[in-house]
Structure formats: C-alpha cells, structure tokens
Amino acid sequence: MYTVMIYKCEDCGKDELIINSRIGVTPFAVNCTLCDGTMYHVHWDKDCETESIEIDDDDRVFVGMTIDVFKKIVVERVNIFWYSAIYQMSNDYKTKKEAIESLMKEYDPETPNIISGKEYKENYVDKIL
Ligand SMILES: [Zn+2]
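Residue positions within a chain follow its written sequence, with the count starting from 1. At least 70 in pLDDT is required for a residue's local features to be given in this predicted model, at least 80 for side-chain atom pairs to be given and counted, and no such filter applies to totals for whole chains, interfaces and linings, which use all residues.

## Details of the nonpolar core
Move 1: Linking buried Ala, Val, Leu, Ile, Met, Phe, Trp, Tyr and Cys residues through C-beta atoms within 7 Å yields a set, and such a set is a nonpolar core. Neighbour counting defines burial: a residue surrounded by 20 or more other C-beta atoms within 10 Å of its own C-beta is buried, one with 12 or fewer is exposed, and intermediate counts give partly exposed, using backbone-placed C-beta atoms. Among the nonpolar cores identified, the biggest contains 5 residues, and these are Ile-19, Val-61, Phe-62, Val-63 and Tyr-120.
Move 2: Secondary structure elements are defined from DSSP: runs of H or I of at least 4 residues count as helices, runs of E of at least 2 residues count as strands, and each element is numbered from the N terminus. In terms of residues, this core owes the most to one element, strand E6 (residues 60-64), which gives 3 residues.
Move 3: Two residues qualify as a contact pair if the distance between their C-beta atoms, derived from the backbone, is within 7 Å. Once residues lying within four places of it in the same chain are set aside, the contact partners of Ile-19 are Tyr-2, Val-4, Ile-53, Ile-55, Asp-59, Val-61 and Phe-62.

So, in structure tokens, the structure goes:
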C-alpha cells in the first residue's frame with residue numbers, strides 16, 4: 001500500500017507529490033529540494049492510496065528509519081553537540097560512546113525517513129529478474 005501526498009513549499013511555491021511507502025505517520029514538513037525552504041503537507045483530503053505505483057528515480061519516498069541510518073544521525077548529532085555552545089553534550093555524558101548508546105535507545109523503526117525513488121528501488125523493492 002502506498003499513499004501519495006501533496007507537499008507545497010511556502011518559500012518558492014513548488015508542489016511535489018511525495019510517496020509514503022508504509023502505513024504510518026509522515027512528517028508535516030520536509031525540506032524543499034528546489035530552494036531548501038520548507039514544504040508542508042497540503043490538501044490532506046487529496047491524499048491518494050494505491051496498491052501499486054511507478055516510482056521515478058527523482059521522486060521522494062518515505063520509508064521507516066533503518067537502524068544504520070539512525071546511528072549515523074546519532075553519531076553526527078553527538079559530534080556536533082559535544083562542545084556546542086548551544087547545548088554542550090559533554091556536560092551530560094562522560095564519553096561520546098556513552099552518549100551514542102543512550103541516544104540509540106530512542107530508535108524507533110516507525111520514524112519516517114525520506115529517500116530518493118532511486119534509493120528506494122535499489123534497497124526496498126524486491127528485485128524481479
Ligand atoms: Zn522551495
């Protein structure tokens with residue numbers, strides 16, 4: 001089951017159809033690939049459910065967060081905030097390893113992640129020979 005949703009950029013006005021490949025929540029806002037502004041899910045009543053869909057390489061697709069992707073985000077976050085003036089993470093944890101282990105407890109496979117259609121077809125669709 002796929003759901004196709006309309007997102008609209010509040011900065012440049014671009015409309016984009018984004019595909020949800022799973023049952024589950026999707027973010028209210030995503031970044032705009034055209035101007036790097038913020039796109040919002042609009043016309044909720046026009047969300048369209050379909051059993052099968054043709055996905056182009058440059059479409060964007062919501063998938064569940066894999067643990068590898070989540071760990072990459074966690075490690076990046078720890079590196080950014082370790083000595084940050086905004087929130088110095090090194091005050092709360094003895095080591096980066098301890099911080100990473102603690103944040104990894106928040107992993108939830110239902111958390112949405114957005115990837116390209118190309119990536120989706122390469123990694124999520126069963127290969128038909
Ligand atoms: Zn935009």
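There's more to say after this.
## Thoughts on the domain arrangement of the chain
Move 1: Segmentation of the chain into domains, including their bounds, is taken from an automatic or database domain assignment. Along its sequence, the chain is carved into domain 1 (1-64 + 111-129) and domain 2 (66-107).
Move 2: Taking only C-alpha atoms into account, the centre of domain 1 sits 28 Å from that of domain 2.

## A look at the packing of helix H1 (residues 67-81) against helix H2 (residues 96-104)
Move 1: Between N-to-C directions, angles span 0 to 180 degrees; the directions come from axes that are lines fitted to C-alpha atoms, helices contributing only their stretch in contact. Two numbers describe how H1 lies on H2: the axes approach to 10 Å, and their chain directions differ by 135 degrees. Classified by the angle between their axes, H1 and H2 sit oblique to one another. For the pair H1 and H2, the sense of crossing is right-handed. Between H1 and H2, the contacting residues are Lys-71, Val-74, Val-75 and Val-78 on the first element and Lys-96, Ala-99, Ile-100, Leu-103 and Met-104 on the second.
Move 2: Of the residues belonging to the contact of H1 with H2, the class tally is 7 nonpolar, no polar and 2 charged. Any angle that falls under 35 degrees is termed roughly parallel, while one over 145 is termed roughly antiparallel, one within 65 to 115 roughly perpendicular, and all others oblique. For a crossing to be left-handed, the near helix must be turned anticlockwise from the far one by less than a right angle; the clockwise case is right-handed. When residue character is reported, Ala, Val, Leu, Ile, Met, Phe, Trp, Tyr, Cys and Pro are called nonpolar, Asp, Glu, Lys and Arg charged, and the others, Gly included, polar.

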